[in-house]
Amino acid sequence: MSDLELLTQSLARNVKRWRGERAFTLDALAARAGVSRGMLIQIEQARTNPSLGTVVKIADALGVSITTLLDYEQGPKVRVVPADQTVRLWHTDAGSFNRLLAGAEAPGPLEMWQWRLMPGESSSSDPHPVGTVELVHVTAGELTLTVDGTDYPVPTGASASFEAETAHTYANHGTAPMEMVMAVSVPPVR
């Protein structure tokens, strides 16, 4: 089975599991996530490969991390993720990318990401659930973080934290690649 098939099967199994644990109907989850009921049915039947944005919306609506939805198996209390098993979810031809390094449920979803943005490239994010916090640490170049329409320069060695419940963008307006590590904490579903 290919990696894509494994991810599709895992996503189907885990969306069904977490929807059941939250006692959400298909209609309730569709409304919470802002995706169609038909899309959820296709995902739960492993008949589609949804976009990253759709997976993020479903994870947020269920109150779990993307890692949890894509996890191949139930792991032990300590989970080591080998470098070759990290998941690259977004990339451009110029070399920009983000990679999900690890995730946990503590008490809500907690994710750690590696990002690279090439000069002139950016990535925008829709608002996350109220109470979501992001932490970034720039290891190379300079990040221009835009939160709710205001730009914040974050140079090499600097860190920033922000409430991610409004639209935000990560951009590289410099001439060298920008690299950062980001942690995302989403509050548990109540």
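Residues numbered from 1 in each chain as written. Predicted model: local features only at pLDDT ≥ 70, side-chain atom pairs only at ≥ 80, totals over all residues. Heavy atoms only, no water.

### Structural notes on the nonpolar core
Link 1 in the chain: If you look at the biggest cluster of nonpolar residues, it comprises 39 residues, and the most contacted ones within it are Ile58, Leu62, Leu69, Leu143, Leu145, Tyr170 and Met180.
Link 2 in the chain: With five residues, the top contributor of residues to this core is helix 4 (residues 52-62).
Link 3 in the chain: Leaving out residues up to four positions away in the same chain, Leu69 has contacts with Ser10, Leu11, Asn14, Val15, Trp18, Val55, Ile58, Ala59, Leu62 and Val64. (Core = buried A, V, L, I, M, F, W, Y, C linked by side-chain atoms within 4.5 Å. Buried < 20%, exposed > 50% of the residue type's maximum accessible area, 1.4 Å probe, protein only. Helix = DSSP H or I, 4+ residues; strand = E, 2+ residues; numbered from the N terminus. Contact = heavy atoms within 4.5 Å.)

### Quick notes on unusual backbone geometry
Link 1 in the chain: For Ala23, which is not glycine, the phi dihedral falls at a positive 60 degrees.
Link 2 in the chain: Relative to the elements of secondary structure, Ala23 occurs in the loop between helix 1 (3-21) and helix 2 (26-33).
Link 3 in the chain: By relative accessible area, which is 67% here, Ala23 ends up exposed.
Link 4 in the chain: Even without glycine at this site, Asp148 takes up a positive phi of about 55 degrees.
Link 5 in the chain: With respect to the helices, strands and loops of the structure, Asp148 is situated in the loop between strand 6 (142-147) and strand 7 (150-155).

### Regarding the sheet that holds strand 6
Link 1 in the chain: Read from one edge of the open sheet, four strands run 4-9-6-7, paired in antiparallel fashion. Lying at the two open borders of the sheet, with one neighbouring strand each, are strand 4 (122-125) and strand 7. Across the sheet, the axes of successive neighbouring strands diverge by a mean angle of 20 degrees, strand direction being ignored.
Link 2 in the chain: Where strand 4 lies against strand 9 (residues 168-171), four bridges are found, and the strand directions are antiparallel. Residue pairing across strands places Ser122 opposite Ala171, the latter belonging to strand 9. (Pairing = 2+ DSSP bridges. Axes fitted to C-alpha atoms, helices over the stretch in contact; angles between N-to-C directions.)

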